[in-house]
Each structure stands twice: as C-alpha cells, then as structure tokens.
Amino acid sequence: MNEKLKEKIKESLSSVLPITIIVLLLSITFVPMEIGTVVLFLTGAVLLIVGMGFFQLGAEMAMTPLGQGVGGRLIKSKRILLIVLVSFFMGAVITIAEPDLQVLANQVASIPNQVLIWTVAVGVGLFLVVAVLRILFHISLSKMLLVFYILLFVLSFFSPDSFTAVAFDSGGVTTGPMTVPFIMAIGVGLSAARSDREGADDSFGLVALCSVGPVMMVLLLGIFYNPSDAAYTAAEIPTIATTTDVARQFVSALPQYGKEVLISILPVAGVFVLFQLFTRSYHKRQVLRMVVGFVYTILGLILFLTGVNVGFSPIGSLLGSGLADGMLKWLLIPIGIIIGYYIVKAEPAVQVLNKQVEDLTGGTISRKMMNSALSAGVACAVALAMVRVLTGINIYWIIIPGYAIALVLSRFVPSVFVGIAFDSGGVASGPMASTFLLPLAMGACAAVGGNVVTDAFGVVALVAMAPLIAIQVMGLIYKHKSKSVAQTPQALPEETVVDIEEDFE
C-alpha cells in the first residue's frame, strides 16, 4: 500500500478511534445495544476511517496544488474583475463537494438538501471574494470580522428562530476537509506573490471569512424563504440478524452516494481541466498525480458518506436518546467534555492548520500548543451544547457573549493570531462534529422532549466558536512574553518558546 495512504488512514484512525471506544464503553454500561447494531456501527467506523484516509490524500494531491495554482495566477493577473469572478466560482464549486455540508443538509428536515447546499455555496463564494480582496488591499482582518459579525447578529434577529442555530452550524461545517486545504492553499498562493512583511500573516483569515458567508446566506434564506414544517424523525436502526444483513445495508447505499459524489466532484474536475488548458501550469507528471488525487477523493467521499449515513450517525442518535431517557441524562455533560476533548485532537483539517501555523511561526507556536488550546476550548463548547440540549437555553445566551469576547480579544492580540484563531474555529468543526456530535445532540434532545431545531442544532456552531477565544488567549500569553524581547516571533530564542508552552499548559 502507498506509504502516504497508510499515513492518512492512521490519521483517520486516530480521529475516529476515541469516539468508537467511547461508544463501545457506553453500549456496555449505560446504553445497551444489540450485537447487530454494534456491528453496523463498527462497519460504518471502518468505512469512515478508510474513506477519510483516501479523501485526505486525494485532497492533498489535487485540491492543494490546484488552490495554490489558482491563487498565484489570480494575483499575477492584476485584473480585479477576473479575480472576483474566479474566486466566487471556485469558492462555490468547492463547497458543493464538501462532505460535512452534505451530512448537515441530510439532517435539516425543513429545508430541501439542494436549497441549503446552494445557499451555503453562494455564501462561501461571495466571502472568498471578500477574503481575496482583503489580501490584495491590505485590509485589517479584525476590523472586517467585527463589522461582519455585528451584521450577522442584526440579521439573526429578523430571521426565524428555527434558522438561527442551523445558520451558525452551516458556517462551521462548510470549512471541512475539502474546502480547508483548497482555501488555505489559495491564501498561501496569494500571500507568496506579495513581497511585503505582512504577506505571510495575511495567508491566514480566508477560512475565517469563508465561515461568515454561509451563516449570513442561511439567515437571509430564513427571512425570504418559507419552508414547509418538517418534524424531526429519529434515525431508525434496521434489524440486523446476520453479517450478510450488515453488508446488504452498506452495499444498497453505495450507488446513491456514488451518484451524489460524482455530481459534486464533476465541477471541481472541470475547473482543473479548464485551468490546465488555459494556463499550462502543471507538467505531465503533476497532471497525472492530480488525476489520481481526484480518483482518491471520489473513492474516499463515497466510502465516507456511506459509512456515516448508514452506520455512524444513526448510532450517535441512538446513543443520545438512550443517555437522555432517564435519570442519567446529566451524564451527557461529562461525556460531552470527553468527546469534545478527543474529537478535535485528530480532526484532519485541524492538523493541516496546525502544521501551517508551526511552519509560519518557525516553531514558536507548536502543534502541541495548538492542540492543547483547541482541545480545552472544544471540550467546554460541547459541555455547553449538552447543557442547551437538556435545558433549552437559547443559543444567543452563549453565542453572543462568546463572539463578543473573541472580537474584543482580536483588538489586543497580534494580527497573525486573529487569523489563526478564526481559521481554527472553522476547521475545528470538522467531520466528527457533523457526523457524530450533531446526531448525538439531536437524539438526546428528542428524548428529553426539546425542540430539535432550536436546541440540538448549534452544537457545531459552539465547537466552531470555542477556538476563537482559546487561541487568542494563547496570543495574549505570547504577546506578554515577547514584550521583553525586541525580536519577531520567528526569531524568538528557544528558551522563550519553551516558557510560552509551559505557561500555556
């Protein structure tokens, strides 16, 4: 087997394994499950692991070089209209193929899948344009985020309550394993073409702004669109008597998800073909490598979506309803903390971001520091999400103070930390959040008799919000330490870096 593929599958295994172990332990103790159901879950987990491995490798081989190529060509063209059109088109096309968004769309019963997907895609396209123009015109990221988030909260008061949590969730799931490598690669391509000192800092922030677009568009959809009411129906676990029944469930679902994936990937492949025909940016060997990358991406997405929808998400919902139905419902909070802590540690997109941060800062901000900050933040966020499920607290009581703190902090930390923090928020809410945490919250909410649309949705939004505060607090620690050293972050002596890590931990 390809060594790189082995590495990616191991990364996926480390992402899914903690959740799998937690589910198995709970099935033995608090929520007994039939053997057939457990086998269905484990099979879904295996497909999820293998699918994410193929998908990540494919995205690295195809999406990243395509993003860097497009970004580099755009800034060299110096034609604003062309930059705007291409950025919008690329942002929308990549989003349509995002697996996390497809998972979310399947769970929002009141809005047709394609309506939600295209609404979010337009939002990402528009805000990728905004993000690219920000780099070109050297506009402050913190000021833009302040303006846009104030606008978001104003819009949210005019949108129905049933859209608010879904809107903020859509901002979190949009920046997943498909879009993050591509969008960050565009940022790297754009900033690399700039010779000024702030170019590297400006490579961060694209994911942050692209997370705003979907929220805004879904809120606007809520104002102008009147969907038919659709009640949440709990996921049904099929009767499994033999291993043949398990295989039949997955095999029967493969054609449906295969068709969905091919339709979503086709526009991206078309962009690659047109870009190569017009620019000749890649030599023959690179083209072959990127074609193989697209094949891996397609295969990985099919396995991922099949594993998630047939075997993984339904068990999350069953587990949530089992825990919430009885005297042990408050166990959801500590269980949520444990899941939150481990879920973000190995999110594929988080590791991509952490490596880029470490490289950019010359090791001053290490991957270990990033992981510690993100894990602590997301653990708190999931605990708050479970409190919401059990009590019905309006999401505004958490999300408005949370974003207010994040935006205030953005005025006091170094600009590079603002971009890193808001990018981290987008990438922390990856596949595990949408495929397991959201179904868990939905199942628990239905069991306690809550409103699934207003109380369960929002868990992804809270996961996306937590790193904004955690990473910027780390930025304040860094700023405090660096005041006594008249050097750039990249040139800090090794002992200062160690001190920062020790203080943070």
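S.K.: So what's going on with the overall build of the chain? Residues and values would help.
M.R.: In terms of regular secondary structure, the chain is built from 20 helices and zero strands. Here the chain holds 505 residues, and 58% of them are scored as buried. In the chain, of all internal contacts separated by at least 6 residues, the share reaching a separation of at least 24 is 85%. Counting only carbon and sulfur atoms, one obtains 66% of the accessible surface of the chain, whose full area is about 20000 Å².

S.K.: Report on unusual backbone geometry, specifying residues and quantitative values.
M.R.: Both trends apply: most residues other than glycine have a negative phi, and most peptide bonds are in trans. Located in the positive-phi region is His 138, a residue other than glycine, with phi close to 55 degrees. The topology assignment puts His 138 in the loop between α5 (113-137) and α6 (141-156).

S.K.: Can you break down the pattern of salt bridges residue by residue, with the values?
M.R.: Per the stated rule, a full pass over the model turns up four salt bridges. We note a salt bridge from Lys 4 to Glu 60, for which the minimum N-O separation is 3.7 Å. Placement of Lys 4 in helix α1 (residues 3-28) and of Glu 60 in helix α2 (residues 35-77) is noted, with a sequence separation of 56 residues between them. Of the residues examined, Lys 4 reaches a relative accessible area of 33% and is grouped as partly exposed. Lys 8 is paired through a salt bridge with Glu 60; the nearest N and O atoms lie 2.8 Å apart.

S.K.: Explain the environment of Thr 297 residue by residue, including any values.
M.R.: Counting through the fold element by element, Thr 297 comes out in helix α11 (residues 284-324). Spatially, the C-alpha atom of Thr 297 lies 8.6 Å from that of Ile 265, the residues being 32 residues apart in sequence. Not counting the four nearest positions on each side in its chain, Thr 297 is found in contact with Phe 54, Phe 55, Gly 58, Ala 59, Met 178 and Ile 265. Within the structure, Thr 297 has its side chain in polar contact with the backbone oxygen of Gly 293 (distance 2.8 Å).

S.K.: Residues and numbers for empty space enclosed by the protein, please.
M.R.: For the structure on display, the rule yields two cavities of 30 Å³ or more. When its volume is computed, the largest cavity comes out at roughly 120 Å³. Taken together, 16 residues form the lining of the largest cavity, with Tyr 149, Gly 171, Ser 211, Tyr 403 and Ala 464 sitting closest to its centre. Mapped by element, the contributors of at least two residues to the lining of the largest cavity are α6, α7 (161-174), α9 (206-224), α16 (415-428) and α19 (459-482). Looking at which element gives the most residues to the lining of the largest cavity, the answer is α9, with four residues.

S.K.: Hey, could you go over helix α14 (residues 367-391) for me, with residue numbers and the actual values?
M.R.: With 25 residues, α14 should reach 36 Å at 1.5 Å per residue; the first-to-last C-alpha distance of 36 Å fits that figure. Looking one or two places after α14, you find Gly 392, whose phi comes out positive at around 80 degrees.

S.K.: Help me get a handle on the confidence of the model for the chain, residues and values and all.
M.R.: Residues shown with low pLDDT carry predicted positions that ought not to be read at fine detail. Scored by pLDDT, the chain has a mean of 82; 88% of the residues are at 70 or more. Mean pLDDT values over the elements of the chain span from 45, in helix α20 (residues 494-504), up to 92, in helix α15 (residues 396-409). In the predicted structure, residues 491-505 sits below a pLDDT of 50 and forms 28 contacts with residues beyond four places in sequence or in another chain.

S.K.: Please give an account of helix α4 (residues 99-107) that cites residues and values.
M.R.: Of all nine residues that make up α4, eight are buried, and the element is covered over most of its length. Taken as a whole, α4 has its buried residues at Pro 99, Asp 100, Leu 101, Gln 102, Val 103, Leu 104, Ala 105 and Gln 107.

S.K.: Account for the packing of α7 against α9, with residues named and values stated.
M.R.: Geometrically, a packed helix pair is captured by the angle between its two axes and the distance between the axes. Look at α7 against α9: their axes get within 7 Å of each other, and the N-to-C directions meet at 155 degrees. Taken together, the axis directions place α7 and α9 in an arrangement best described as roughly antiparallel. Relative to α9, the crossing made by α7 is right-handed. For the pair formed by α7 and α9, the contact residues are Phe 163, Thr 164, Ala 167, Phe 168, Ser 170, Gly 171 and Thr 174 on the first element and Ser 211, Pro 214, Val 215, Val 218, Leu 219, Leu 221 and Gly 222 on the second. Residue composition of the contact of α7 with α9, by class: eight nonpolar, six polar and no charged.

S.K.: Give a detailed account of the packing of α5 against α9, specifying residues and quantitative values.
M.R.: Two elements in contact, α5 and α9, have axes whose closest approach is 7 Å; the angle formed by their N-to-C orientations is 140 degrees. Our classification of the angle between α5 and α9 gives oblique. In this structure, α5 meets α9 at a crossing whose hand is right-handed. Its residues assigned to classes, the contact of α5 with α9 shows 19 nonpolar, three polar and one charged.

S.K.: A description of the packing of aromatic side chains should follow, citing residues and the corresponding values.
M.R.: Applying the stated rule across the entire model yields 14 aromatic pairs. Measuring from ring centre to ring centre gives 5.1 Å for Phe 41 and Phe 312, while their planes differ by 20 degrees; the resulting arrangement is stacked. Of this pair, Phe 41 sits in helix α2 while Phe 312 is found in helix α11, placing the two residues 271 residues apart along the sequence. Neither residue differs from the other here; Phe 41 and Phe 312 are each classed as buried. Three or more aromatic residues joined by ring pairs form one cluster here, namely Tyr 149, Phe 153, Phe 168, Tyr 403 and Phe 422.

S.K.: How would you sum up the side chain of Thr 174? Please name residues and give values.
M.R.: By the element assignment, Thr 174 lies in helix α7. There is a polar contact of 2.4 Å between the side chain of Thr 174 and the backbone oxygen of Ser 170. In this structure, Thr 174 is in contact with Thr 95, Glu 98, Val 120, Val 124, Thr 179 and Pro 214, ignoring residues within four places of it in sequence.

What counts and what doesn't
Residues numbered from 1 in each chain as written. Predicted model: local features only at pLDDT ≥ 70, side-chain atom pairs only at ≥ 80, totals over all residues. Heavy atoms only, no water. Helix = DSSP H or I, 4+ residues; strand = E, 2+ residues; numbered from the N terminus. Buried < 20%, exposed > 50% of the residue type's maximum accessible area, 1.4 Å probe, protein only. Contact = heavy atoms within 4.5 Å. Areas by Shrake-Rupley, 256 points an atom, 1.4 Å probe, with all protein chains shown as cover. Salt bridge = Lys/Arg side-chain N within 4 Å of Asp/Glu carboxyl O. Polar contact = N/O pair within 3.5 Å; in protein donor to acceptor, adjacent residues only side chain to side chain. 1 Å grid on protein atoms, 1.4 Å probe; cavity = no way out; pocket = protein on both sides within 12 Å on 5 of 7 lines; lining within 4 Å. Points joined across faces, edges and corners; volume = space filled by probe spheres on them. Expected span 1.5 Å × (residues − 1). pLDDT = per-residue confidence, 0-100. Axes fitted to C-alpha atoms, helices over the stretch in contact; angles between N-to-C directions. Parallel < 35°, antiparallel > 145°, perpendicular 65-115°, else oblique. Left-handed = near helix turned anticlockwise from the far one by under 90°. Nonpolar A, V, L, I, M, F, W, Y, C, P; charged D, E, K, R; others polar. Phe/Tyr/Trp six-rings, centres within 6.5 Å; stacked < 30°, edge-to-face > 60°.

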